[in-house]
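Descriptive structure summary
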Amino acid sequence: MSMKLRPLHDRVIVKRLEEERKTASGIVIPDTATEKPDQGEVLAVGPGKRDDSGKLNPPDLKVGDRVLFGKYAGQTVKVDGDELMVMREDDIMAVVQK
C-alpha cells in the first residue's frame with residue numbers, strides 16, 4: 001500500500017488489525033456485536049516532537065510495529081477506502097513484541 005498521508009510532529013498512522021469473528025465453538029459473531037479492536041499496525045510515523053528548547057525528539061515507534069491503543073484514541077480517517085487512524089504517539093500504550 002502506498003502511503004498518501006505523511007504524519008506531522010509526533011503523530012502516527014495506524015491501521016486497526018482485524019480480530020477473530022468466530023467463537024471457539026465456531027459461532028460467527030456479527031459486525032454489529034463486536035467492539036473495534038485496540039490493536040493496530042503502524043503504517044507511517046512523523047519526525048517527532050520538539051521540546052521547549054526546539055530539539056527534535058524522534059519517536060520510539062517505527063513502521064511495521066504492532067501497537068496497543070485506547071478505545072477512544074486517535075481520529076479515524078478514510079483513505080482510498082481504507083479506514084486508518086491518526087493518533088499521537090502518547091495515545092499508544094505499548095508495542096507488542098513478537
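1. What to know about the side chain of D65
In this structure, D65 sits in the loop between strand 4 (56–57) and strand 5 (66–69). A distance of 2.9 Å separates the side chain of D65 from the side chain of K62, its partner in a polar contact. Sequence-distant contacts of D65, defined by excluding residues within four places in its chain, comprise G40, E41, V42, D60 and V95.

2. Digging into the sheet that holds strand 8 (residues 92–95)
In space, the 6 strands of this open sheet follow the order 6-7-1-2-5-8, with antiparallel pairing throughout. Taken across any chain shown, the strands that pair with only one partner, and hence form the sheet edges, are strand 6 (75–79) and strand 8. Pairwise comparison of adjacent strand axes, ignoring direction, gives a mean angle of 45° for this sheet. Looking at chain direction, strand 1 (residues 11–16) and strand 2 (residues 39–45) are connected through 5 bridges and run antiparallel. By the bridge assignment, R16 is partnered in strand 2 with G40.

Cut-offs applied
Residues numbered from 1 in each chain as written. Predicted model: local features only at pLDDT ≥ 70, side-chain atom pairs only at ≥ 80, totals over all residues. Heavy atoms only, no water. Helix = DSSP H or I, 4+ residues; strand = E, 2+ residues; numbered from the N terminus. Polar contact = N/O pair within 3.5 Å; in protein donor to acceptor, adjacent residues only side chain to side chain. Contact = heavy atoms within 4.5 Å. Pairing = 2+ DSSP bridges. Axes fitted to C-alpha atoms, helices over the stretch in contact; angles between N-to-C directions.

Everything listed is a geometric property; what it means functionally is a separate question.
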